[in-house]
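Listed here are the chains, written in short residue letters.
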Amino acid sequence: MQKYLDSYKQMISLRGLTDHTIKSYCTYLRAYLNYLETILHKLPEDASWEDLRSFIIYIQQQRDLADRTVNTCISQLRFFTLYVLHKSWDPYQLPIRKFDTYLPLVPTKEEVATFISSIPDLKEKAMVSLLYSAGLRIGEVCHLKYKDIDRKSMRIHISHGKNRSDRYAILSSQALQILTEYWFAYDKPMDWLFPKQFKESDKPIDTFFLSRRITTHEERLGWEHRFTCHSFRHAFGTHLYENGTDLLTIKALLGHKSLNSTVIYVSLASNGIGRAVSPFDCMGGSANA
């Protein structure tokens, strides 16, 4: 089955995706190929629609997958069928699932201030400060280089973000102060701003480093585990909107491809839809007459 996986990797690499994305895209295809080999004892080209459906049911039960994740799995199978097996894909045989959407958790300004100010380690403090003050993704923070910090213009150059496009983010003066303290305390890194620990200092730090530290700090504060790295990015967008920043500016700062991704902050902000007044309440007493 390795040859099928290799062909799949080759085809998705032609789309110019990053190594991390390619690895992510192979997650469920690898499980599918293993399912065919060890359970159904079939080659991929011999698999029927019933086999594909049975795999989806199998992996959902085995891994307790959410509907959104099941859709990711189906998308990987679709790409494999079309571009590796060169067979047609019938969406009516394996339909994409509908799923519930939920508003993300947004820390308050007070919670953010308490959380960041109480972080004891300067590296962790600098990284979280950048997550919040510039609205960066964790991968963008980890891949920052020394040259990306423009102190003169007070902005951060984000190279090849999630949408494969460069942008400039805000460089907060408070975040810069913390970042400067970190830089001097951690041997003045001149390439990767946050190099990987130990012997591989020529590589950027792993994203899971900060994820674990955020959980640890919540425990240290005695808080319920609610925050993720992305919580601070959501807080950045929400607090900007609450401060009066327009959605197009927030979209540009966050590097959103579509304004639809930015509109969520209207719902999350305290002065968003919650401040709207029902027209029924504007009628005065006339409706009760």
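The preceding data block contains the structure.
The rules behind these values
Residues numbered from 1 in each chain as written. Predicted model: local features only at pLDDT ≥ 70, side-chain atom pairs only at ≥ 80, totals over all residues. Heavy atoms only, no water. Helix = DSSP H or I, 4+ residues; strand = E, 2+ residues; numbered from the N terminus. Buried < 20%, exposed > 50% of the residue type's maximum accessible area, 1.4 Å probe, protein only. Areas by Shrake-Rupley, 256 points an atom, 1.4 Å probe, with all protein chains shown as cover. Lys, Arg positive; Asp, Glu negative; His and termini not counted. Charge placed at Lys NZ, Arg CZ, Asp CG, Glu CD. Pairing = 2+ DSSP bridges. Salt bridge = Lys/Arg side-chain N within 4 Å of Asp/Glu carboxyl O. Core = buried A, V, L, I, M, F, W, Y, C linked by side-chain atoms within 4.5 Å.

**Some points on the overall build of the protein**
Along the protein, the regular secondary structure elements total 14 helices and 3 strands. Over its C-alpha atoms, taken along the principal directions, the protein stretches across nearly 75 × 60 × 35 Å. In the protein, buried positions account for 38% of the 289 residues. As presented, the protein carries roughly 16,900 Å² of accessible surface, and 52% of it is formed by carbon and sulfur atoms. Looking at the protein, you have 37 positive and 31 negative side-chain charges, and the mean spots of the two groups are 4 Å apart.

**Notes on the sheet that holds strand β1 (residues 149-150)**
Taken in spatial order, the 3 strands line up as β1-β2-β3 in an open sheet, and their pairing is antiparallel. The sheet is open, and its two edges are formed by β1 and β3 (167-170), each paired on a single side. Relative to β3, strand β2 (residues 155-158) runs antiparallel, the two being bridged by 4 bridges. Looking at β3, one finds that Arg155 is bridged to Ile170.

**Overview of the pattern of salt bridges**
Tallied over the full model, the rule gives 10 salt bridges. For Arg53, the salt bridge goes to Glu50, with nearest N and O atoms at 3.2 Å. Taken together, the positions of Arg53 and Glu50, both in helix α4 (residues 49-63) and 3 residues apart, correspond to about one turn of that helix. A salt bridge links Glu111 to Arg226; the shortest N-O distance between them is 2.8 Å. Of this pair, Glu111 sits in helix α6 (residues 109-117) while Arg226 sits in the loop between α10 (207-221) and α11 (229-242), and the two are 115 residues apart along the sequence. Using a relative accessible area of 23% as the deciding quantity, one classes Glu111 as partly exposed. Since its relative accessible area comes to 33%, Arg226 is described here as partly exposed.

**Describing the nonpolar core**
Of all hydrophobic cores here, the largest spans 35 residues; its most connected members are Ile156, Phe194, Leu210 and Ile214. Of all hydrophobic cores here, the second largest spans 30 residues; its members include Leu5, Leu29, Ala47 and Val70.

These figures capture arrangement, not role.
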